[in-house]
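Overview (structure and organization)
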Amino acid sequence: MIGKEEYMEIEILKKQGKSIREISRVTGLSRNTIRKYLRSAADPKYRQRDKRPGKLDPFKAFIEDRVKAALPHRLPATVLTREIRSLGFEGSERLVRLFLALPVPVQEPEPVVRFETEPGTQMQADWCELRKGKNPLYAFVTTLGFSRSRG
């Protein structure tokens with residue numbers, strides 16, 4: 001397989017009127033290779049290879065089920081490796097660790113329940129120091145627990 005540059009050089013030399021034998025001498029490619037690329041209409045491209053199955057592929061469904069069952073806790077890769085080795089896994093713990101590094105599905109947080117009080121029953125106070133040094137600046141903020149209007 002030749003690169004795009006070599007392919008373009010063959011095309012340019014052919015347009016200049018050079019023979020296949022002369023192009024072969026200039027580029028260092030065989031005459032059959034020159035003929036092949038001159039006859040083809042498309043640029044040279046590598047074929048897409050078929051994806052080969054990995055050692056972990058048969059066990060991925062099992063690992064995903066175990067991880068989902070253990071949520072919100074995370075299972076260590078050592079534990080999962082030990083479990084799938086008993087099922088016939090022959091790969092390394094590193095493969096399991098890399099697979100577990102993929103994003104974990106996040107559970108929905110529990111809804112926030114507001115704590116409501118009657119008017120005049122509760123107040124929240126906040127205190128902070130905004131500036132330190134010789135002339136410090138302090139802030140004191142109070143908010144009544146029932147300060148929203150109802151519609």
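Residues numbered from 1 in each chain as written. Predicted model: local features only at pLDDT ≥ 70, side-chain atom pairs only at ≥ 80, totals over all residues. Heavy atoms only, no water.

On to the pairing of strand S2 (residues 137-144), then. As paired strands, strand S1 (residues 123-131) and S2 are joined by eight bridges and run antiparallel to one another. The residue of S2 that forms the bridge with Trp 127 is Phe 140. Hairpin connection of S1 to S2: five residues between the antiparallel strands, including Gly 133 at a positive phi of 115 degrees. (Pairing = 2+ DSSP bridges. Helix = DSSP H or I, 4+ residues; strand = E, 2+ residues; numbered from the N terminus.)

For the structure on display, the rule yields four aromatic pairs. Here the aromatic rings of Phe 59 and Phe 89 are separated by 5.6 Å at their centres, their planes lie at 80 degrees, and the arrangement is edge-to-face. Highlighted residues: Phe 59 in the loop between helix H3 (31-39) and helix H4 (60-70) and Phe 89 in the loop between helix H5 (77-85) and helix H6 (93-100), separated in sequence by 30 residues. Given the relative accessible area of 12%, Phe 59 is considered buried. Among the aromatic residues, those joined into a ring-pair cluster are Trp 127, Tyr 138 and Phe 140. (Phe/Tyr/Trp six-rings, centres within 6.5 Å; stacked < 30°, edge-to-face > 60°. Buried < 20%, exposed > 50% of the residue type's maximum accessible area, 1.4 Å probe, protein only.)

In the contact formed by helix H1 (residues 4-15) and H3, the axes pass within 10 Å of each other and the chain directions differ by 85 degrees. In terms of their interaxial angle, H1 and H3 are classed as roughly perpendicular. Contact with H1, carried on its side by Tyr 7, Ile 10, Glu 11 and Lys 14, involves Ile 34, Tyr 37 and Leu 38 of H3 and no other residues of that element. A breakdown of the residues in the contact of H1 with H3 according to their chemical character gives five nonpolar, no polar and two charged. (Axes fitted to C-alpha atoms, helices over the stretch in contact; angles between N-to-C directions. Parallel < 35°, antiparallel > 145°, perpendicular 65-115°, else oblique. Contact = heavy atoms within 4.5 Å. Nonpolar A, V, L, I, M, F, W, Y, C, P; charged D, E, K, R; others polar.)

Moving on to H6. Listing the buried residues of H6 in full gives Val 96, Phe 99 and Leu 100. Across the axial projection of H6, the buried residues extend over an arc of 95 degrees, all falling on one side. (Arc of directions from axis to C-beta.)

Its place among the elements puts Thr 81 in helix H5. On the basis of relative accessible area, Thr 81 is assigned to the buried category, the value being 1%. In this structure the side chain of Thr 81 is engaged in a polar contact, spanning 2.6 Å, whose partner is the backbone oxygen of Ala 77. Those residues in contact with Thr 81, other than ones at most four positions away along the chain, are Phe 89, Glu 93 and Val 96. (Polar contact = N/O pair within 3.5 Å; in protein donor to acceptor, adjacent residues only side chain to side chain.)

Turning to its location among the elements, Thr 117 is positioned in the loop between H6 and S1. We classify Thr 117 as buried; its relative accessible area is 14%. For the pair formed by Thr 117 and Gly 145, sequence separation is 28 residues and the distance between their alpha carbons is 6.5 Å.

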